[in-house]
Amino acid sequence: MLVRTARLFPFIISHHLHPSRTHSAGQAFRWSAAAASRGVRFMETEVPASNPSAASAESTADGTGQSATSSTGDQEKMPSVGLLPGETVVKEGKAAILFPSANEVFYNPVQEFNRDLTCAVITEFARELLAQRGVKVVVPGEQERVVVSLSEETNEAEAQTEEKNGSEEPAVKAAVGEKCEHGLRVLEGLAASGLRSVRFALEVPGLQSVTANDFSAKAAALIARNAQYNGVSHLLQASCRDASMLMYDMRGKKDRYDVIDLDPYGSPASFLDAAVQAVSEGGLLCITCTDMAVMAGNSGETCYSKYGSVSIKAKYCHEMALRVILHSLDQRAGVYQRYIQPLLSVSVDFYIRVFVRVFTGQATVKNSASKQALVYNCVGCGAFHLQRMGRRTSNGKHMKYSAATGPPVGPECEHCGQRHQLGGPIWAESIHDLEFVQKVLSAVSGNPSRFGTSKRIEGVLSMVTEELEDVPLYYTVDNLSSTIHCNTPPLLQFRSALLHAGHRVSLSHACKNAIKTDAPPAAIWDIMRCWEKINPVKREKLSPTSPAFKILSTEPSFEACFTVREDANPQSRKRHLTRFQENPQAFWGPKARAKAGGGISADLQDKRKKFQNKRKNQITDSSQLKTFPCKKFKQGTCTHGDECCYSHDLEQTNEQKIE
């Protein structure tokens, strides 16, 4: 069996970043689900941390899609663990990970943000949970807790509350790297090389144990070596099992994990049922989804088969993907009389990441239907309406549940006359716990040297705290302008017009030019009609059946004011916080899968030179591009004659301009 597993290993290895995703996530080393779906029998063994020779030079890297950055702290190495031939060391945070250099394609610098954010969230979760057990967590470099507020005025009441809470210190303290008897039990179900788990052991205080599991025996052996190399063998245990079966076996109330982290390549759908059962009461689930092509509307039927929700290809697809996975988690938890409480949900880069707590309560589970909603999306103008799946009304001390009434729209869109698409159901409640997010933001801002991506974490969380938590989905200003073929209004002017009209408005962390507002679609189109009057379009060129013609044929019901207001510009934007990812290096983005047999795919630059087979006569040498004639040559006005090419001598070109 061991031989069969080792032989299968090169074929089921995969890179964590998906080439066709709008987002991506962390582990490149994802073969558990693939092997399980093929009916492959697996080994249910625990790998001892003291067996450094179990991994060969062919062992894979932490495809955690994780980033290779310089270590932020001094790392003590175990001299008993040496490098095998071909192995290299990658440092991130306080961890140093061994992995074969042949698989360096799996190491993605983008995912440092994902792991940094996870460490920050688990730290705050541990702080809250262990305080109830009489344990105080101690974070290196952290001073007195300071409440970070985006407003310029200081909230004295919150500051006094912090001082009062800080005066009653528990007798027991938990530091990083130390085993805490009353601490958290953490499971990383798809650990690859174990980078994430090693970072938990080195950077998150208050842990009792960390289980780093992977289906591959070679991966588990590499995890054990990395644990010993980083000196955390007393906390981190390597496991070689199918992730779902491991979680199913730990469903007992005394066996459940306090934190479960799932970061698969692609969809986590096959692990969700086991995860909602194996997490403890009030425990934390950390889920990553990288199958964004499915969740963003490219394949609605596939999305339904995996998550029980039909995705729509719309401008708000990134936030809708978050609400799809939250709906799926809540639906699966409801089967076992459990329900979820989202703490933080972010859509960044090429993936989505959700952090939810799971509780048990039959009475609260009944609220689930009223928390889900269908989405009616107009294919013409992009206006959307939500239809709740259930209805609940308070009747004194009791809650009355009934079927919802609808639909909220007619057969055709009232604004443009086009049809509606039906998507969902999706999670229609808040996707963040703003109080918890504020605590994470305060901790990261007060200790910026702890993480390499602290600035971006601060920027993203600042935007999250500014979002309207009771307003699902959003519009984009450029799409509204494109619909009626007019110039795009400046973001601040459009936000000001909504504020002048008496509506609430905010930005969204999921999209750079998003507008979240409680204004109905009719008010939004009235504002756009007023803007079109200032910046008119050529009506004669509009088709009578087009959405633009029908929208502009109606007069606005009020006069919009586009005078910029002070409160139209949010604090995160005023402070120029790093809110969205900037390309850290050339050709940054999703990497290619490994070839069958364990080799590495051809360099992506070679593939780009072939222009994705879009040219019949492919050019692999960039110097050959100089042989094409310029536009003046085709017009017969080029002075270079037969020697004409696109890149004429720069000096001659300048002389011609002067003449």
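Quick caveat, the model's predicted, so the values are computed rather than measured.

J.: Let's hear about the overall build of the chain: which residues, and what values?
T.: Assigned secondary structure in the chain consists of 23 helices and 20 strands. Relative to its full complement of 659 residues, the chain shows a buried share of 54%. Sequence-distant contacts, at least 24 apart, represent 72% of the contacts inside the chain between residues at least 6 apart. Accessible surface, the chain: about 30000 Å² in total, of which carbon and sulfur atoms supply 50%.

J.: Let's hear about helix H17 (residues 491–500): which residues, and what values?
T.: The element H17 is largely enclosed, with a buried count of seven among its 10 residues. Buried within H17 are the following residues: Leu491, Phe494, Arg495, Ser496, Ala497, Leu498 and Leu499. Tucked into the core, H17 has its buried residues touching helix H16 (477–484), strand S19 (505–508), strand S20 (511–517), helix H18 (521–534) and helix H20 (571–574).

J.: Describe the side chain of Arg529, listing the residues and the values that go with them.
T.: Position of Arg529 relative to the elements: it lies in helix H18. Non-local contacts of Arg529, meaning those with residues more than four positions away in its chain, are made with Ala522, Ile551, Thr554, Glu555 and Pro556.

J.: Explain the pattern of salt bridges to me, using residue names and the numbers behind them.
T.: The full count for this structure, using the stated rule, is 26 salt bridges. Here Asp116 ties to Arg199 by a salt bridge, and the two come within 2.6 Å at their closest N and O atoms. Of this pair, Asp116 sits in helix H3 (residues 112–131) while Arg199 sits in helix H5 (residues 195–203); the two residues are 83 residues apart in sequence, bridging distant segments of the chain. Of the two residues, Asp116 and Arg199, neither departs from the other in class, the shared state being buried. Note that Arg504 and Asp518 form a salt bridge whose closest N and O atoms lie 3.2 Å from each other. Of this pair, Arg504 sits in the loop between H17 and S19 while Asp518 sits in the loop between S20 and H18, and the two are 14 residues apart along the sequence. Residue classification places Asp518 among the partly exposed residues on the basis of a relative accessible area of 36%. One connected set of salt bridges, linked through shared partners, spans Glu92, Arg115, Asp116, Arg199 and Glu203.

J.: Before we move on, can you summarise the pairing of strand S9 (residues 257–262) with the specific residues and values?
T.: Burial within S9 is extensive, with six of its six residues counted as buried. Direction of pairing for strand S6 (residues 179–188) relative to S9: parallel, over a ladder of three bridges. From the neighbouring strand, Leu187 faces S9, where its bridge partner is Ile260. Direction of pairing for S9 relative to strand S10 (residues 279–289): parallel, over a ladder of five bridges.

Conventions used here
- Residues numbered from 1 in each chain as written.
- Predicted model: local features only at pLDDT ≥ 70, side-chain atom pairs only at ≥ 80, totals over all residues.
- Heavy atoms only, no water.
- Helix = DSSP H or I, 4+ residues; strand = E, 2+ residues; numbered from the N terminus.
- Buried < 20%, exposed > 50% of the residue type's maximum accessible area, 1.4 Å probe, protein only.
- Contact = heavy atoms within 4.5 Å.
- Areas by Shrake-Rupley, 256 points an atom, 1.4 Å probe, with all protein chains shown as cover.
- Salt bridge = Lys/Arg side-chain N within 4 Å of Asp/Glu carboxyl O.
- Pairing = 2+ DSSP bridges.

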